[in-house]
Amino acid sequence: MTRYVLVHGAWGGSYGFRFVRRLLHADGHEVFTPSLTGIGERSHLTGPHVDLSTHVLDLVNVVRYEDLDDIVLLGYSYGGMVVTGALDHIGTRVRELVYLDAFVPADGDSLATLTGGGFGNPASDIGAPWLVPPPKREYDDPVAAEWSNLRRTPQPVGTLTEPVRLSTPLEDQPFGRTYIRATVDPGAVFETPARRAKESPAWRYHEIATNHMIPENRPAELAALLRELA
């Protein structure tokens, strides 16, 4: 049995892993899919106070309170920011760190700096908007597109502008590192981390032939890759 912790992306929720979760559960694995505060299933808790540190604690507390160890920790898209920020707190509990078409920040990076996004800073700009609306996403299945796009919620801007804190570079950490890249209509923002992983002997690198919405488009293929890390 392997313990997986899967962290969803921006504007989403843990529901995005529902198919992957079922497949891994059917094999007897434990799967935890934390919901990040202020979005998805926890959108009722949104507010300008919600930032990246809040989401890092969402993850850290699940791992600590469930007393999870030797885990496969996956960050999807924006979730790469969250899992990276959690490493100073729970890195010793991680066996394999997986970035699923995700940002791979260094210490001091934010999603805003990695994308060049001009999100503003509501903490210093009184009256500035503090919610960032979700972009519409494309899915392989029109039914899945309708179902999922209805559930995407605006995201507090502090989660996108607060920098990550990481005291030890990823390649110097004792756990394994895996990057999984979507190859259909690939987003330019993930080219740099994908190339870093593909060209480095310190990483495992895989590709899935679909667009960015991998967990819902290709759950069986993703689950198969995750089983290989068990």
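Reading the values: rules and limits
- Residues numbered from 1 in each chain as written.
- Predicted model: local features only at pLDDT ≥ 70, side-chain atom pairs only at ≥ 80, totals over all residues.
- Heavy atoms only, no water.
- Core = buried A, V, L, I, M, F, W, Y, C linked by side-chain atoms within 4.5 Å.
- Buried < 20%, exposed > 50% of the residue type's maximum accessible area, 1.4 Å probe, protein only.
- Helix = DSSP H or I, 4+ residues; strand = E, 2+ residues; numbered from the N terminus.
- Contact = heavy atoms within 4.5 Å.
- Polar contact = N/O pair within 3.5 Å; in protein donor to acceptor, adjacent residues only side chain to side chain.
- Salt bridge = Lys/Arg side-chain N within 4 Å of Asp/Glu carboxyl O.

A. A look at the nonpolar core. Among the nonpolar cores identified, the biggest contains 41 residues, and Leu59, Leu73, Tyr78, Leu97, Tyr99, Leu170 and Tyr179 are the most heavily contacted of them. Counting residues per element, the ones that place at least two in this core are strand 1 (3-7), helix 2 (52-65), strand 3 (71-76), helix 3 (79-90), strand 4 (94-100) and helix 7 (191-198). Here the element with the most residues in this core is helix 3; it accounts for six residues. Ignoring anything within four residues of it in the chain, the contact list for Leu59 reads Val5, Val7, Pro34, Leu73, Val82, Val83, Ala86 and Ile90. Core analysis: the second largest hydrophobic core is formed by 24 residues, Leu24, Val72, Tyr139 and Ile180 among them.

B. The arrangement of the side chain of Asn217 in detail. Mapped onto the elements of the fold, Asn217 is located in helix 8 (residues 214-217). For Asn217, a relative accessible area of 10% puts it in the buried group. In this structure the side chain of Asn217 is engaged in a polar contact, spanning 3.2 Å, whose partner is the side chain of Thr210. Not counting the four nearest positions on each side in its chain, Asn217 is found in contact with Glu138, Tyr139, Asp140, Thr210 and Asn211.

C. Molecular detail of the pattern of salt bridges. With the rule as written, the count across this model stands at twelve salt bridges. A salt bridge links Asp67 to Arg93; its shortest N-O distance comes to 3.4 Å. Of this pair, Asp67 sits in the loop between helix 2 and strand 3 while Arg93 is found in the loop between helix 3 and strand 4, placing the two residues 26 residues apart along the sequence. Asp67 sits in the exposed class, given a relative accessible area of 51%. You can call Arg93 partly exposed: its relative accessible area is 21%. The shortest N-O distance in the salt bridge between Glu207 and Lys198 comes to 3.9 Å. Classification of Glu207 as partly exposed rests on a relative accessible area of 42%.

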